[in-house]
Structure formats: structure tokens, C-alpha cells
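Below, each chain spelled out in residue letters.
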Amino acid sequence: MKKKMFNHFEEKEIPKEDLNFLKNLLYPIELRRDLLIEHLHVIQDHFGYLSEKNLTLLSKLLKISKVEVYEVASFYAHFDIVKNNEVAPPNLTIRVCNSLSCELSGSKELEAELLEEFNSKEVRVLKAPCMGRCFAAPTVEISHYHVDKANITKVKDAIINKRINPVIPNYENYESYINKGGYKKLNEIISNINDNNWYDSLIKSDLRGLGGAGFRTAKKWQLVSKEKGPRYLAVNGDEGEPGTFKDRHYLETEPHMFLEGMLMASLAVSAEKCFIYMRDEYPAILKILKVEIAKLEDNKIISKNFIDVRRGAGAYICGEESAMIESIEGKRGLPRHRPPFVGQVGIFGRPTLVHNVETLYWVTKIIRDGPQVFTNTKKNNCIGLRSYSVSGRVKKPGLYLLPSGSTILDIIYTAGGMIEGHTFKAYQPGGASSGILPASLNNVPLDFDTLNEHNTFIGSAAVVILSNHDEIRQVALNMIEFFKAESCGQCTPCRVGCEKAATIMNEKEWDIPLLEDLCEVMESSSICGLGQAATNPIRSSIKYFSDELKKHV
Ligand SMILES: Cc1cc2nc3c(=O)[nH]c(=O)nc-3n(C[C@H](O)[C@H](O)[C@H](O)COP(=O)(O)O)c2cc1C
Ligand code: SF4
Ligand code: FES
């Protein structure tokens, strides 16, 4: 028989004072169903966990079933549900990144040291996926404070000095952006909104979406604006693809360049409201957005509540646009079946224009300064620029804006060359879902479409450089373990497939025919891109590195 989750708090027992306490705690967030995740964050932040009692009280306040509250709370990694008979988690959480670049830099060993040193009633040490700081691997997060190039001494030091809050970087704020002519173009567009050609530059630039799928931006605006209104705009700030940190970079340096682009896009589709879905792993950005959006409201650039920032809660799948929309609606991030597409039926059933952060950053530059800011750069028959997030075995990992026709050798060169003692062996061209290419494919321009013939894609342009010190089977296993942990579990081919693949890849020798069978099923019958592309690390390892797929003992 299934154990009942909420057997202790029946409605008649709910003490009024507890209900009032929670109501006050949640104020001023409205008691609406779609704000469930925001409410869960408030409770988690205040108590450090979600008690059974508070989940019951919240269901009462939101007038929804307790099961609904529980299923949402239990979906997201950043919520800790504590049942009545369970002990609350320790006050302090240390998260150690276990994604590829951090693993290459010794995060496993660091995690073991941290567990030995700190794991106690007061502190817990957890594994966590990529935090978008791969250039400073290994990364550790203590509460909301990130330790770059972490080691035991740095972590100890941060704990002793009670560093638990995010460090706000030195970014271009509203005042300095305005001084440089910021929002002038937006105001011009608003004054001449009947001029149908105001985004001609964008059409000419042929800007494509930089979230991974590469859909043509201007085309998307035209399609969404044809749908019957009212319409919404949603910004995808989930940036969970391991190795990617470009959106974080642009938001932490020039947030208004992105915000102005978002407002331009909202004009293009006459959006009634903009939602920004921002991952919880970027606490500094959540603060920056709060401060800077308030300035936009105070200066009447936007009306109050035109922009609604929603905080993610540690689920990679919420970067998939339909899962993101579910999450914005306060639900579990389960990708939807398509059609209909989100541009037709999106948030609350309304047509929704979805864009990646960096796409909107370029929208401002292109519409303000003309298409040539993008199109003047040409290389290897590719036009435009690309923000490559580069990490792994290079001397200077970081974000590099290069011609979009750059090859892996150009990227390694720009990133200072290989680390001393390391020989270039292989690379991840565009996030974990793009798989692993051998060093011999060193003359392929890393752009949209150019990687199709190698059965992969540029995705989010998260490049990880691997060397002769790295075992391909271990790299592929790291990637598949990520997908296994992040699969939403909605469809069997992906849920069971990732798990089974990880088991086989842990064997002494890979069962290649079985893995290929598994890949075929996952690719052909998974609902979304996670399950369909999770096979890339397996396929590419088999294709290019078959001689390595035996365990070295
Ligand atoms: C599993 C999965 C994860 C994704 N994660 C992100 C993400 O973190 N950020 C993002 O912008 N797009 C992500 N995407 C792509 C989005 O679904 C969508 O195409 C994109 O946000 C559209 O914006 P764009 O046209 O500006 O690129 C993901 C797609 C899949 C299948
Ligand atoms: S493919 Fe995976 S992540 Fe996508 S819906 Fe299916 S189970 Fe969920
Ligand atoms: S921060 Fe660890 S891999 Fe990105």
C-alpha cells in the first residue's frame, strides 16, 4: 500500500495562527496558483526546507489540492521536503558541481574532501549540475556564494567568514546605460510604431536564436504576431546546458542591453506582458534584475508589473521552452507535445514568443546599430558572431566572441592554447547534448548547420576541450549521468533509456549493439530534445573512439 504523504495534517486541525503566519510570510506575493513555485521559494528560503505542515497550509491558501503542491515541490532539486517524522536538512548547503568541466578539474576528489571535512548536522555536501562558472572549475556554491577554482582551503575560508550571499558583479546599471544613449532606440520605435519596417535590420542580419535551436528570430516574430492575441513574451534564462555561461556573462555585464532587446521584441508581437524565467543557480542575476527592472518602472520605461521575473528551482529540463512555460504556470517542468507550438499556445494558452537571453542582447545591438554589427564578420562561408563558452584543458577558459565560422583550432588558440603537458584529443562542440568530436575534425566551422554532417550541432556553443589525459568513456558517462539525473521522467524511452545506458556504460566493456538499440528507441520516441539528443555522447563515442570503450583497469 502506498504511504500517505499528508496523513498528519487534516484540514480541520490547521491552527489559525500557523495559517496567518504563513500568509504574512508570503505577503506581498499574490495567493495565485501560478505563483506556487515563488511561494515555495519563500518558505524554503525562510525555514531552509518545506515542512509537511507548511505544504498543507500552502495548499489551503492557494485553494489547490495538497497533492498538487507536493508534486510540484518534489519535482525541483532546490526544494527540500521534510515529512513529519524526518529530520530537517542542515542549515548550510555546499553544492559541488559535478558536470564535465568541473569533473575534469577534480570536483570528485574535492567533493570527497568536503564530505570528510564538513558533512555534519550543520552542513551538508551535495552534488549539483553545471552552475555556469565552468571557466573557473571546479565550482562550489555555499548557500548562494560561489567559490571559483575551489579547493578545501577556499571553502573553509568562505565558511569561517560566513560568505553565503552572492557577490554582485560590477555591471552597467540603468544610469550608465542611459548616459550611453540606452533606451533611445526603443523610444524611437514606440513613437513610430506604425512604421512596419522598424525591424528591417533584424531581418537583414538573419539573426538566429542562440538558445540552441537556431530558429530565425525575425521569422519567429512574424509567426507569433499573426496569432490571435493577447500574446506574451517569455525569456529563457535557464542556461542549464553543461559548459554554457554566455547568458550569465551578458546579464552580469550589460543587463540593459538584454532588457531593451526584450522590450523591442515585446513590441514586435504586441506582448501584454514579459516573463523572465531565470535559473536559481544565478542568484546575483536575480538581484540585478530586481533592482534594474524597478528602475525601468520608476522611470516609466515600462508600466508596473509589465515584467514578471520567475525563479527556476534547479531543473535543467525547464530550459526546454514548453517545460519552461509549464514552470512559469507554477507546475512541474514537463515538456508538452507539439503541435501546437508555444508560439501558438504558450503561457496560459496564449501565443508566446520565447527567446534566449543572448538572442535579445543581439536584438538591441542589431536594431540600434544596424545589421552590419553582426553581418560584417565572415569566416569559412559563415556570417556573424558567436559567443563560445570555452572550458576544459585550455590555458585561458572563458567567454570568447568570435566569428561564427571559427574552428576548434581558432577557439583553442584564442583561449591561450592547451595547458602545458596536455595534447588536444577531442572536444564537446555545443553542450553535453552535442556529444564528443575527435581532434581530427579540427577544420569544421562551428556554426549552425555546419555540424549536421557529423550528426551533431552547435547548440549553445558550450565548447569543452579534452586532452590525452581524459578518458572518453568517462566523459561520455559524465554526460549521460547528467541526462539521467535531469530527465523529467515523463516518457519511458528517455527515463529508462538514460538509466539503462548509464548502467551499460559503467560496465567493463560497453555492449555496443545494445547501446545502439537503446539510442534508436530514445531518438525516435522521446517527447523532447533531452531524450532525443542524450544519445549523442554515446553515438559519437562509438563512432570516433571505439578502441577506448573498454575499461582501463
Ligand atoms: C532539453 C532542452 C534544454 C534547453 N535549454 C535551454 C536553455 O537553457 N536556454 C535556452 O535559451 N534555450 C534552451 N533550449 C531551447 C529552447 O527550447 C528554445 O528553443 C529557445 O529558448 C528559443 O529561444 P531562441 O529562439 O532565442 O533561441 C533547450 C531545449 C531543450 C530541448
Ligand atoms: S524526453 Fe525525457 S525530458 Fe523530454 S519529456 Fe521525455 S522524459 Fe521528459
Ligand atoms: S560550473 Fe561546473 S561544469 Fe559548469
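Report on the accompanying structure. (Residues numbered from 1 in each chain as written. Chains lettered and ligands numbered in written order. Predicted model: local features only at pLDDT ≥ 70, side-chain atom pairs only at ≥ 80, totals over all residues. Heavy atoms only, no water.)

**Some words on the overall build of the protein chain**
From N to C terminus, the protein chain includes 23 helices and 17 strands. At 24 Å, the protein chain has a C-alpha radius of gyration in line with the 24 Å of a compact globule built from 553 residues. Principal axes of the C-alpha set define a box for the protein chain whose edges measure 70 × 65 × 50 Å. Buried residues in the protein chain amount to 58% of all 553 residues. A fraction of 70% describes how many contacts in the protein chain between residues 6 or more apart in sequence connect residues 24 or more apart. A total of about 23,900 Å² of accessible surface is found on the protein chain, and carbon and sulfur atoms cover 50% of it. Averaging the coordinates of the 69 positive side-chain charges in the protein chain and doing the same for the 70 negative ones gives two points 3 Å apart. (Helix = DSSP H or I, 4+ residues; strand = E, 2+ residues; numbered from the N terminus. Rg over C-alpha atoms; globule rule 2.2 N^0.38 Å. Buried < 20%, exposed > 50% of the residue type's maximum accessible area, 1.4 Å probe, protein only. Contact = heavy atoms within 4.5 Å. Areas by Shrake-Rupley, 256 points an atom, 1.4 Å probe, with all protein chains shown as cover. Lys, Arg positive; Asp, Glu negative; His and termini not counted. Charge placed at Lys NZ, Arg CZ, Asp CG, Glu CD.)

**Things to note about the site of ligand 2**
The immediate surroundings of ligand 2 are formed by 13 residues, with Cys-488, Gln-490, Cys-491, Cys-494 and Cys-528 found nearest. Looking at the shell around ligand 2, its residues break down into eight nonpolar, five polar and no charged. (Near = heavy atom within 4 Å. Nonpolar A, V, L, I, M, F, W, Y, C, P; charged D, E, K, R; others polar.)

**What to know about helix α7 (residues 152-160)**
Within α7, burial applies to Ile-152, Val-155 and Ala-158. Across the axial projection of α7, the buried residues extend over an arc of 130°, all falling on one side. When the buried face of α7 is taken as reference, the exposed residues oriented beyond 90 degrees from it are Thr-153 and Ile-160. Buried positions along α7 lie against β3 (92-97), α6 (107-118), β5 (140-142) and β6 (145-147). (Arc of directions from axis to C-beta.)

**Section: the site of ligand 1**
Neighbouring ligand 1 are 19 residues, the closest being Gly-211, Lys-220, His-355, Asn-356 and Thr-359. Measuring from an oxygen atom of ligand 1, one finds a side-chain N or O atom of Lys-220 at 2.8 Å. The contact in question runs from an oxygen atom of ligand 1 to an N or O atom on the backbone of Glu-321, over 3.0 Å. Alone, ligand 1 offers 600 Å² of accessible surface; in the complex the protein occludes 88% of this. Per element, the largest residue contribution to the shell around ligand 1 is three residues, and it comes from strand β10 (residues 352-356). Class assignment of the residues belonging to the shell around ligand 1 gives a composition of five nonpolar, nine polar and five charged. (Polar contact = N/O pair within 3.5 Å; in protein donor to acceptor, adjacent residues only side chain to side chain.)

**A few points about the pairing of strand β14 (residues 398-403)**
As a general feature of sheets, a regular strand has side chains that alternate between the two faces. In terms of strand pairing, strand β13 (residues 385-392) meets β14 through six bridges, oriented antiparallel. Looking across to β14, one finds that Leu-385 is bridged to Pro-403. (Pairing = 2+ DSSP bridges.)

**Concerning the sheet that holds strand β9 (residues 307-311)**
With parallel pairing, the four strands of this open sheet are ordered in space as β9-β8-β7-β10. Each end of this open sheet is capped by a strand with a single partner; those strands are β9 and β10. Taken over all neighbouring pairs, the strand axes of this sheet differ in orientation by 20° on average, direction set aside. By the bridge criterion, five bridges tie strand β7 (residues 231-237) to β10 in an arrangement that is parallel. By the bridge assignment, Val-235 is partnered in β10 with His-355. Contacting β7 and β10, helix α11 (residues 217-226) runs over the sheet at an angle of about 160° to β10. (Axes fitted to C-alpha atoms, helices over the stretch in contact; angles between N-to-C directions.)

**Side note on the nonpolar core**
Ranked by internal contacts, the top residues of the largest apolar core, which has 73 residues, are Trp-221, Phe-258, Leu-259, Met-262, Ile-276, Ile-307 and Ile-465. Ranked by the residues each element gives to this core, the list is headed by helix α13 (residues 255-268), at eight residues. The contacts of Leu-259, once residues within four sequence positions are left out, are Tyr-183, Ile-276, Leu-289, Ile-293, Leu-296 and Ile-307. If you look at the next biggest cluster of nonpolar residues, it comprises 37 residues, including Val-475, Cys-498, Ala-501 and Cys-519. (Core = buried A, V, L, I, M, F, W, Y, C linked by side-chain atoms within 4.5 Å.)

**Description of the packing of helix α1 (residues 16-26) against helix α3 (residues 52-62)**
Their axes nearest at 10 Å, the elements α1 and α3 cross at an angle of 75°. By the angle class used here, α1 and α3 are roughly perpendicular. On α3, the residues touching Asp-18, Leu-19, Leu-22, Lys-23 and Leu-26 of α1 are Lys-53, Asn-54, Leu-57, Leu-58, Lys-60 and Leu-61. Here the contact of α1 with α3 is built from residues that sort into six nonpolar, one polar and four charged. (Parallel < 35°, antiparallel > 145°, perpendicular 65-115°, else oblique.)

**Considerations on the environment of Lys-154**
Among the secondary structure elements, Lys-154 is positioned in helix α7. Beyond its immediate stretch of four places on either side in the chain, Lys-154 contacts Val-147, Asp-148 and Lys-149. Of note is the side chain of Lys-154, whose polar atom sits 3.2 Å from the backbone oxygen of Lys-149.

**Structural notes on the sheet that holds β14**
Taken in spatial order, the five strands of this open sheet run β14-β13-β17-β15-β16, and their pairing is mixed. Two strands bound the open sheet, and with one partner strand each, they are β14 and β16 (437-438). Relative to strand β17 (residues 462-467), β13 is paired through four bridges, and the arrangement is parallel. Bridged to Gly-392 within β17 is Ile-465. Packing of helix α12 (residues 246-253) onto the sheet brings it into contact with β13 and β14, and relative to β14 it is tilted by some 100°.

**As for the side chain of Ser-322**
One can find Ser-322 in helix α15 (residues 321-328). With relative accessibility at 0%, the residue Ser-322 sits in the buried group. Those residues in contact with Ser-322 that lie beyond four places of it in its chain are Leu-334, Pro-335, Arg-336, Arg-338 and Val-342.

**Some points on the packing of helix α21 (residues 512-525) against helix α23 (residues 536-545)**
Where α21 contacts α23, the two axes come as close as 10 Å, and the packing angle between them is 140°. Of the possible angle classes, the one that applies to α21 and α23 is oblique. Crossing of α21 against α23: the hand is left-handed. Taking contact as the criterion, the partners of Ile-512, Leu-515, Glu-516, Cys-519, Glu-520 and Glu-523 in α21 are, on α23, Ile-538, Arg-539 and Ile-542. Tallied by class, the residues present in the contact of α21 with α23 amount to five nonpolar, no polar and four charged. (Left-handed = near helix turned anticlockwise from the far one by under 90°.)

**Considering the pattern of salt bridges**
As enumerated under the stated definition, the model contains 40 salt bridges in all. For the salt bridge of Asp-34 with Arg-32, the shortest nitrogen-to-oxygen distance reads 2.9 Å. The network of salt bridges with common partners includes Glu-30, Arg-32, Asp-34, Lys-273, Asp-308 and Arg-310. (Salt bridge = Lys/Arg side-chain N within 4 Å of Asp/Glu carboxyl O.)

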